[in-house]
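Topology and contacts: notes
What follows is the residue order along each chain.
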Amino acid sequence: MAAEIVNPRSDSSGSRLPSGTTTGHEGAEEPFDPAFALHRGGKMAVQATVPVRDKDDLSLAYTPGVAKVCSAIAEKPELVHDYTWKSNVVAVVTDGTAVLGLGDIGPEASLPVMEGKAILFKQFGGVDAVPIALATTDVDEIVDTVVRLAPSFGGVNLEDISAPRCFEIERRLQERLDIPVFHDDQHGTAVVTLAALRNAARLTGRTLGDLRAVISGAGAAGVAIAKFLLAAGLGDVAVADRKGVVSRDRDDLTPVKRELAELTNKAGLSGSLESALAGADVFIGVSGGTVPEPAVASMAPDSFVFAMANPNPEVHPDIAHKYAAVVATGRSDYPNQINNVLAFPGIFAGALQVRASRITEGMKIAAADALADVVGDELSAEYVIPSPFDERVAPAVTSAVAAAARAEGVARS
């Protein structure tokens, strides 16, 4: 049944508010804010895809007609993909512990973001999504809850769950489920970063193997980007956390960072982020910190600065442009926005299209390659990654992911 859609300029009774005002959380009038106006009543609703106009429609959509379909699925469970919404719906799951730049704000406060994610799935990938905010931060409870909910969904998108718990939650869910589980804060960011980096290298006549990168931030995004870039053929990458470069000689590393130290930093760097940037070809920021201008100036000629913290990039674009051949941010008001919406709708659309059991590294690399190829001959320093509103993006990513799933043996249709 479709939820009632409330006029965003109305109060809870449906009457319009005076122009220039809106109702605060306690009912007091406050200056009009378009963000609150847009969110009033929520940003999404459930809508029927079949009519229920009369008793004949009702008898098909519900009893007795529905019993035939239920019995068929009970006899042959894979029919659930054909006769329910499962094959085109994703659960967007969070515990509210790492929401945007707001941190641990809890499940209720995370819902506007999860609703936003759901409408992006629909707008950019044609995929239905349901926000699920869990009132627990316990790894076992989150895993068990999602496993119990999984029969209703074709995939699980984990969102805004803090590190390092997010790594274990994703791993355990994928082990227990036969549907794709994807932590977008990790893998979506990594896919779009790789696509932009491929094109930046092409623009300057280099390959990924020619590049040494430094990543600021060893959380979910930083760890995933480092591993993914290395899998795609990057020459070397060092990751820095608040205490400096993650290296084998440190005795304060978590298990996740110890593994990272074994995989990264072939050059054997230690010390500060700033010292690691000397001579580096690439800076990737996913930390929210600030990198001083002299450190940026010390990078190699024709360097790339991907300062993706929001709303304040680690390196202001005006400073980055003094030294770098290509500059990217996480913001929409500068060229080359590294935006996850370029990746996750098409990745899930492709995986669901072929009923994939998981999302593999090969599927993610295929998504990044397809995304980079959209730029084509239009490549320039101001255009190494397409806009989320480029209508070529989602079909290209969807097709590439579906083909990769078949090639890797995880497709079931």
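Quick notes on the rules
Residues numbered from 1 in each chain as written. Predicted model: local features only at pLDDT ≥ 70, side-chain atom pairs only at ≥ 80, totals over all residues. Heavy atoms only, no water. Buried < 20%, exposed > 50% of the residue type's maximum accessible area, 1.4 Å probe, protein only. Helix = DSSP H or I, 4+ residues; strand = E, 2+ residues; numbered from the N terminus. Pairing = 2+ DSSP bridges. Right-handed = clockwise from strand over helix to strand, strands pointing away. Core = buried A, V, L, I, M, F, W, Y, C linked by side-chain atoms within 4.5 Å. Contact = heavy atoms within 4.5 Å. Axes fitted to C-alpha atoms, helices over the stretch in contact; angles between N-to-C directions.

**Concerning the pairing of strand 7 (residues 212-216)**
With 5 of 5 residues buried, strand 7 lies mostly within the body of the structure. Bridge analysis of strand 7 against strand 8 (residues 236-241) gives 5 bridges, and the strand direction is parallel. Residue R212 lies in a different strand from strand 8, and its bridge partner there is D236. In this fold, the crossover linking strand 7 to strand 8 by way of helix 9 (residues 220-231) has right-handed handedness. Pairing geometry for strand 7 and strand 10 (residues 282-285), over 4 bridges, is parallel. The residue bridging S216 from the neighbouring strand is G285, located in strand 10.

**Here we look at the nonpolar core**
Ranked by size, the top nonpolar core spans 105 residues in total, and within it L173, L177, L197, F306, I347 and M363 carry the most contacts. No other element matches the 10 residues that helix 15 (residues 361-375) contributes to this core. Those residues in contact with F306 that sit more than four places away from it in its chain are T193, A196, L197, A200, F283, I284, G285, V326 and A328. Counting 19 residues, the second-largest nonpolar core is a separate cluster that includes A240, V245, L277 and A280.

**So, the sheet that holds strand 9 (residues 244-245)**
Reading across from one edge, 9-8-7-10-11-12 is the order of the 6 strands in this open sheet, with mixed pairing throughout. Single-partner strands in this sheet number two, and they are strand 9 and strand 12 (324-329). Against the sheet, helix 8 (residues 184-203) touches strand 10, strand 11 (303-307) and strand 12, its axis set at about 155° to strand 11.

The quantities given are spatial measurements derived from coordinates; they are silent on function.
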